[in-house]
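One-letter residues, chain by chain:
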Amino acid sequence: MPDKRSVVVIVGGGFGGLAAARALRHAPINVALIDRVNHHLFQPLLYQVATSVLAPGQIASPIRSILRESRNTTVVLGTVTAVDAASRQVIVDTQDRAGVPLSYDYLILATGQTHSYFGHNEYEKYAPGLKNLADAVAIRNKILTAFEMAEAEEDPSQHPDLLTFVLVGAGPTGVEMASAIAVMIDSTLKRDFRRVDPSSARIILVDAGQRPLGTFAPELSQAALNRLRKLGVEVMLGKAVESIDGEGVVVAGERIASKTVIWTAGVAPSQAGKWLNVETDRAGRVKVRHDLSVPDHPEVFVLGDTASLEQDGKPLPGVAQVAMQQGRYAGRLIERRVTGKAPPRPFRYFDKGNLAVVGKGFAVLQSGKVHMSGFAAWLVWAAIHLQFLAQSSLRVSVLVQWIWTYFTGQRGSRIIVNHRDG
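The notes below deal with the structure included here. Keep in mind that what you see is a predicted model, and the values were worked out from it rather than measured.

What counts and what doesn't
Residues numbered from 1 in each chain as written. Predicted model: local features only at pLDDT ≥ 70, side-chain atom pairs only at ≥ 80, totals over all residues. Heavy atoms only, no water. Helix = DSSP H or I, 4+ residues; strand = E, 2+ residues; numbered from the N terminus. Rg over C-alpha atoms; globule rule 2.2 N^0.38 Å. Buried < 20%, exposed > 50% of the residue type's maximum accessible area, 1.4 Å probe, protein only. Contact = heavy atoms within 4.5 Å. Pairing = 2+ DSSP bridges. Salt bridge = Lys/Arg side-chain N within 4 Å of Asp/Glu carboxyl O.

**Here's the deal with the overall build of the protein**
Reasoning step 1: Of the regular secondary structure elements, the protein holds ten helices and 26 strands.
Reasoning step 2: Over its C-alpha trace the protein gives a radius of gyration of 22 Å, about what one expects of a compact globule, namely 22 Å for 422 residues.
Reasoning step 3: Over its C-alpha atoms, taken along the principal directions, the protein stretches across nearly 75 × 55 × 40 Å.
Reasoning step 4: A buried classification covers 50% of the 422 residues belonging to the protein.
Reasoning step 5: Excluding contacts between residues fewer than 6 apart, the proportion of contacts in the protein whose partners are at least 24 apart in sequence is 64%.

**Re helix α1 (residues 15–23)**
Reasoning step 1: Buried residues dominate α1, accounting for seven of its nine residues.
Reasoning step 2: Those residues of α1 not exposed but buried are Phe15, Gly16, Gly17, Leu18, Ala19, Ala20 and Ala21.
Reasoning step 3: Lining the buried residues of α1 we find β1 (6–11), β2 (29–35), β3 (39–41), α3 (63–66), β8 (106–109) and α8 (320–339).

**Some remarks on the environment of Glu154**
Reasoning step 1: Within the secondary structure, Glu154 is located in the loop between α4 (133–152) and β10 (164–168).
Reasoning step 2: Using a relative accessible area of 75% as the deciding quantity, one classes Glu154 as exposed.
Reasoning step 3: Linking Glu154 and Arg195, residues 41 residues apart in sequence, is a C-alpha distance of 8.1 Å.

**Notes on the sheet that holds β8**
Reasoning step 1: Spatial strand order, β7-β6-β5-β2-β1-β8-β20-β19: eight strands in an open sheet with mixed pairing. The open sheet has two edge strands with one neighbour each: β7 (100–103) and β19 (293–294).
Reasoning step 2: As paired strands, β8 and strand β20 (residues 297–302) are joined by three bridges and run parallel to one another. Note on β20: the bridge partner recorded for Leu109 is Val302.

**A closer look at the pattern of salt bridges**
Reasoning step 1: In the structure shown here, the tally under the stated rule is eleven salt bridges.
Reasoning step 2: Asp186 is the partner of Lys190 in a salt bridge, and the nearest nitrogen-oxygen pair spans 3.3 Å.
Reasoning step 3: Arg202 is paired through a salt bridge with Glu234; the nearest N and O atoms lie 2.8 Å apart. With Arg202 in strand β11 (residues 202–207) and Glu234 in strand β12 (residues 233–237), this pair connects stretches of sequence that are 32 residues apart.
Reasoning step 4: Residue classification places Glu234 among the partly exposed positions, given a relative accessible area of 31%.
Reasoning step 5: Several salt bridges share partner residues, and in doing so they unite Asp161, Glu247 and Lys259 into one network.

Structural data, given as structure tokens:
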């Protein structure tokens with residue numbers, strides 16, 4: 001007898017998609033989770049892969065392994081290219097077929113975000129962003145290769161551009177990345193080279209805003225700024241990037257010669273709004289109802305970075321906690337609909353606070369009225385990040401590596417990987 005159970009299709013194996021799948025694991029429902037990669041990525045630690053603290057496998061887990069106990073869930077490796085909301089189908093390109101239709105009774109879009117160059121997509125060639133493992137490995141290659149090139153130069157003083165690192169955007173990613181590069185140079189690289197002094201490197205963090213970590217309280221932004229400067233990072237605030245090319249950047253009319261420019265500024269949501277042909281906000285995020293459904297399509301839910309939802313007059317931030325709470329909510333709501341139970345109350349985000357690490361043993365924390373900076377905040381940051389890694393084996397591995405790096409300065413993966421390597 002054919003299975004008449006409802007089918008839920010989840011697009012995206014990030015924080016929101018996984019949370020939804022887990023929330024549905026005991027429901028009388030068939031779930032299909034589609035992602036274009038086979039792993040879940042813990043994005044908050046990507047910068048540690050880019051700066052050689054961790055190896056890629058320490059922050060990523062196979063989605064099939066994570067959902068092993070979810071017996072009602074099938075994982076599909078493929079790329080969603082369109083959604084036909086009228087016929088309730090998603091169109092998927094798999095490894096060997098294109099345009100495969102997959103029918104659904106309920107659809108959850110948790111497709112995340114990508115880089116935004118604010119209309120200057122030509123910058124991408126010269127200033128890579130940091131959104132996936134390939135990005136992190138490419139940036140790691142770029143940073144390590146810069147030091148190798150400087151070492152190979154007969155007169156390194158003639159090429160200061162090799163050891164000038166420019167990061168565009170002083171949000172959490174930019175601050176964490178800039179401080180991590182500074183710590184890597186001071187604690188690891190400075191002892192490994194003979195012809196070039198790694199401590200002569202310049203790390204420049206640029207932002208058009210007036211303070212780093214602009215979403216944090218002013219005193220925490222100031223604490224982060226002080227820490228960055230103590231680490232030797234040059235912070236240029238209130239100055240916009242005017243152009244980026246293969247030779248460097250122009251900031252407020254000043255050219256900075258640099259072979260390594262990293263984009264840590266804007267982000268853009270996925271194509272979900274275009275797929276659904278529904279109203280979006282200025283950033284392109286789908287405007288959803290307070291039950292996370294799409295207007296005129298109560299069977300379609302949009303989560304996380306792809307969704308636009310206000311709470312208490314303010315838009316919800318694009319952070320992992322929002323996506324996870326929304327994923328759990330959408331899963332519970334669908335289960336209640338299928339089983340004939342009353343729907344839950346409208347979604348409400350519980351803000352557990354914001355954290356950003358600024359180099360070795362220092363972080364800033366903002367949670368309600370609690371504002372902290374320093375070593376204690378760093379311990380909280382470490383504990384929370386370990387807790388949210390997808391598997392216990394990763395928690396052990398990352399903890400051991402952090403302890404080892406903290407006390408010895410030795411890093412987990414300083415390998416330059418080229419596609420042609422045998």
